[in-house]
Amino acid sequence: MKEVIKGLTVSTSVIPAPVRRGPQRLSPNHLLELVTRLCIFKAERWGRRALFYEQHRDYFPRLSAGRFVNRCRELEARYRALAQMMFLIPAEDRLIPIRALALPKS
């Protein structure tokens, strides 16, 4: 479809959207990675918040002198530790029972 507006031609094209075949479930590994990234994001956010109030002590004297900045640093450390713990834990270990075979003695 084309429209002409004051000598300017604007063309809109139609791009077919890909057809989805159904809802896709995320694998446990993907979910673990998502939670890990979320924890890292929150840790960085708390770190940036603490850094902001430390840099602008003149504008926020009560927040920067109080326990708020220390609490931000604590939350940053805890989220980082949680992300590290989540990253190191395997998503799922399945133990499969096996039968031991006895070999004849020769």
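Residues numbered from 1 in each chain as written. Predicted model: local features only at pLDDT ≥ 70, side-chain atom pairs only at ≥ 80, totals over all residues. Heavy atoms only, no water.

J.: What's the story with the pattern of salt bridges in this structure? I'm lost.
T.: Oppositely charged side chains are able to pair whenever their charged atoms sit close together. Inspection of the entire model under this criterion finds 5 salt bridges. Note that Glu-74 is salt-bridged to Arg-71, the shortest N-O span being 3.3 Å. Here Glu-74 pairs with Arg-71, and both are found in helix H3 (residues 68-88), just 3 residues apart, close to one helical turn. For Arg-71, a relative accessible area of 40% puts it in the partly exposed group. (Salt bridge = Lys/Arg side-chain N within 4 Å of Asp/Glu carboxyl O. Helix = DSSP H or I, 4+ residues; strand = E, 2+ residues; numbered from the N terminus. Buried < 20%, exposed > 50% of the residue type's maximum accessible area, 1.4 Å probe, protein only.)

J.: Any chance you could explain the packing of aromatic side chains here in plain terms?
T.: Geometry of an aromatic ring pair is reported as the spacing of the ring centres plus the angle between the planes. Inspection of the entire model under this criterion finds 4 aromatic pairs. Here Phe-52 and Tyr-53 contribute two aromatic rings whose centre-to-centre distance is 5.3 Å and whose plane-to-plane angle is 80 degrees, an arrangement assigned as edge-to-face. With a relative accessible area of 16%, Tyr-53 lands in the buried category. Their ring planes at 50 degrees and their centres at 5.8 Å tell us that Phe-52 and Phe-60 sit as a pair that is tilted. Residue Phe-52 is classed as partly exposed on the basis of its relative accessible area, which comes to 37%. On the accessibility criterion, Phe-60 (30% relative accessible area) is partly exposed. Members of the aromatic cluster, connected to one another through ring pairs, are Phe-52, Tyr-53, Phe-60 and Phe-68. (Phe/Tyr/Trp six-rings, centres within 6.5 Å; stacked < 30°, edge-to-face > 60°.)

J.: I keep staring at the environment of Arg-73 and nothing clicks. Help me out?
T.: Along the chain, the position of Arg-73 falls in helix H3. Considered as a pair, Arg-73 and Arg-48 are 25 residues apart in the sequence and their alpha carbons are 9.5 Å apart. If near-sequence neighbours (up to four positions away) are discounted, Arg-73 is found in contact with Gly-47, Ala-50, Leu-51 and Glu-54. Of the polar contacts made by the side chain of Arg-73, one reaches the side chain of Glu-76; its length is 3.2 Å. (Contact = heavy atoms within 4.5 Å. Polar contact = N/O pair within 3.5 Å; in protein donor to acceptor, adjacent residues only side chain to side chain.)

J.: Mind showing me how you'd approach the environment of Val-35 here?
T.: The topology assignment puts Val-35 in helix H1 (residues 28-55). Residues Val-35 and Ala-83, spaced 48 residues apart in sequence, show a C-alpha to C-alpha distance of 7.7 Å.

J.: Explain the side chain of Thr-36 to me, please; I cannot follow it from the model alone.
T.: Tracing the backbone shows Thr-36 in helix H1. Take Thr-36: its relative accessible area is 8%, and that puts it in the buried class. The contact partners of Thr-36, leaving out residues within four places of it in the chain, are Ala-83, Met-86 and Phe-87.

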